[in-house]
Amino acid sequence: MEPTPAMIRSLLVQVDVLGWESPAGRELVATLRRHVAKPVVRHAGLVGPAADQAEASAWGAAWDAVRRPAARTAENPMGMAWVAARRAVLAELQAARPGGPEPGAWLPLESVAEVTEQPAVTHAAEAMRLPEWLPALVDALVQAGWARAQVTDAILLLADHAEPPRAGVSGLRWRWVAMRLGLPEWQVRRLAVLLVGRPGVPGVVLRFREAGTGALDHPAVVAALRATTRRWAASPQALLDGAEGEACA
């Protein structure tokens with residue numbers, strides 16, 4: 001059973017009183033290994049000694065995350081642990097790859113963004129290959145109201161767990177990402193729509209491929225970026241649909 005935020009906070013309270021050697025401490029450490037470190041490493045596609053090393057790093061990072069005072073009051077302390085573990089595993093992958101990440105490559109999001117003939121990316125090692133336009137997109141989303149680390153984690157988790165050949169938002173596990181990061185579901189769904197669009201209405205992933213970072217200058221795209229942080233605004237899908245209509249006029 002997936003541990004709930006309330007369960008983790010309860011264990012942390014007991015650990016503060018009884019210590020990490022207590023039954024609560026041992027249960028929490030085992031939970032971090034079983035529900036965070038192992039799944040992150042498994043999704044990365046690692047096996048053998050590399051998997052063992054990555055699991056140790058992920059486990060340590062997850063433990064460090066929940067030991068922080070902020071974990072006692074966080075809405076989703078397991079999300080904090082998951083993000084820390086994922087970063088640790090990606091660091092292991094980057095260290096093992098000569099030259100680091102390949103610049104200018106495609107995000108796995110492209111494989112669910114209308115064009116499904118793209119080769120499917122199945123593990124986090126491929127997600128290391130980030131496109132050169134990603135920083136520009138993150139900058140634009142920060143200007144729209146996102147926290148930089150938060151939106152970067154959200155984009156990369158959506159990419160890591162994309163499910164081709166399902167196209168559009170149906171190929172992205174946005175509810176799961178929202179739960180992991182402790183974000184509102186509506187906000188992560190809007191981010192997913194912004195990224196991949198829908199059949200006939202490309203999201204920013206495909207727009208970048210056609211126009212580069214200039215895609216961010218279109219007024220409708222700017223409005224769609226802002227809509228990811230404003231629940232009362234029109235949906236990014238409707239705004240991008242308007243941009244497509246202008247292009248076809």
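Above this text you will find the structure in question.
Heads up: these notes are all about the structure in this document. (Residues numbered from 1 in each chain as written. Predicted model: local features only at pLDDT ≥ 70, side-chain atom pairs only at ≥ 80, totals over all residues. Heavy atoms only, no water.)

Next up on the list: helix α11 (residues 219-227). When α11 is considered as a whole, its buried residues turn out to be Ala 220, Val 221, Ala 224, Leu 225 and Ala 227. One side of α11 carries all its buried residues, which in axial view fall inside an arc of 160°. (Buried < 20%, exposed > 50% of the residue type's maximum accessible area, 1.4 Å probe, protein only. Helix = DSSP H or I, 4+ residues; strand = E, 2+ residues; numbered from the N terminus. Arc of directions from axis to C-beta.)

This part is about the packing of helix α6 (residues 134-143) against helix α7 (residues 148-160). The relative placement of two packed helices is expressed as an angle between their axes plus a distance between the axes. Running from N to C, α6 and α7 cross one another at 130°; their axes reach a closest spacing of 9 Å. The angle between α6 and α7 falls in the class oblique. Handedness of the crossing formed by α6 with α7: right-handed. Touching Leu 134, Leu 137, Val 138, Asp 139, Leu 141 and Val 142 of α6 are Arg 148, Val 151, Thr 152, Ile 155 and Leu 156, all from α7. Residue composition of the contact of α6 with α7, grouped by class: eight nonpolar, one polar and two charged. (Axes fitted to C-alpha atoms, helices over the stretch in contact; angles between N-to-C directions. Parallel < 35°, antiparallel > 145°, perpendicular 65-115°, else oblique. Left-handed = near helix turned anticlockwise from the far one by under 90°. Contact = heavy atoms within 4.5 Å. Nonpolar A, V, L, I, M, F, W, Y, C, P; charged D, E, K, R; others polar.)

Let's shift gears to the environment of Val 41. Structurally, Val 41 can be placed in helix α2 (residues 23-43). What makes Val 41 buried here is its relative accessible area of 4%. Expressed as a C-alpha distance, the spacing of Val 41 and Asp 52, which sit 11 residues apart in the sequence, is 8.7 Å. Discounting chain neighbours no more than four positions away, the residues touching Val 41 are Leu 46, Ala 51, Ala 54, Glu 55 and Val 89.

Moving on: the nonpolar core. Across soluble globular proteins, nonpolar side chains show a tendency to be buried alongside one another. Counting residues in hydrophobic clusters, the biggest one holds 66 residues, and the most contacted among them are Leu 137, Leu 141, Ile 155, Leu 158, Leu 191, Leu 195 and Leu 225. Setting aside residues up to four positions removed in sequence, Leu 191 forms contacts with Leu 141, Trp 146, Val 151, Ala 154, Ile 155, Leu 158 and Thr 228. (Core = buried A, V, L, I, M, F, W, Y, C linked by side-chain atoms within 4.5 Å.)

What follows covers the side chain of Asp 153. Looking at the secondary structure, you find Asp 153 in helix α7. Looking at Asp 153, the relative accessible area reads 9%, which means it is buried. Contact partners of Asp 153, with chain neighbours within four places excluded, come to Val 83, Arg 87 and Leu 181.

For α6, the set of buried residues is Leu 134, Leu 137, Val 138, Ala 140 and Leu 141. Here the buried residues of α6 occupy an arc of 160° about the axis, which is enough to place them on one side. Elements that come into contact with the buried residues of α6 comprise α7, α9 (185-196), α10 (204-211) and α11.

Moving on: the pattern of salt bridges. Tallied over the entire structure, the rule returns seven salt bridges. Across the pair Glu 55 and Arg 33 runs a salt bridge, and its minimum N-O distance is 2.9 Å. Here Glu 55 is found in helix α3 (residues 48-67), whereas its partner Arg 33 is found in helix α2, with 22 residues between them in sequence. Residue classification places Glu 55 among the buried residues on the basis of a relative accessible area of 12%. Of the charged contacts in the structure, one is a salt bridge between Glu 185 and Arg 175, with a shortest N-O distance of 3.8 Å. With Glu 185 in helix α9 and Arg 175 in helix α8 (residues 174-181), the pair connects residues that are 10 residues apart, well separated along the chain. A single salt-bridge network, built from bridges that share partners, covers Arg 33, Lys 38 and Glu 55. (Salt bridge = Lys/Arg side-chain N within 4 Å of Asp/Glu carboxyl O.)

Glancing now at the packing of aromatic side chains. For the structure shown, the criterion picks out two aromatic pairs. With 5.5 Å between their ring centres and 90° between their planes, Trp 20 and Trp 63 make a pair best called edge-to-face. With a gap of 43 residues between them, Trp 20 in the loop between α1 (5-18) and α2 and Trp 63 in helix α3 connect regions that are remote in the sequence. Ring centres 5.1 Å apart and planes at 85° place the aromatic pair Trp 82 and Trp 176 in the edge-to-face group. With Trp 82 in helix α4 (residues 77-96) and Trp 176 in helix α8, the pair connects residues that are 94 residues apart, well separated along the chain. (Phe/Tyr/Trp six-rings, centres within 6.5 Å; stacked < 30°, edge-to-face > 60°.)

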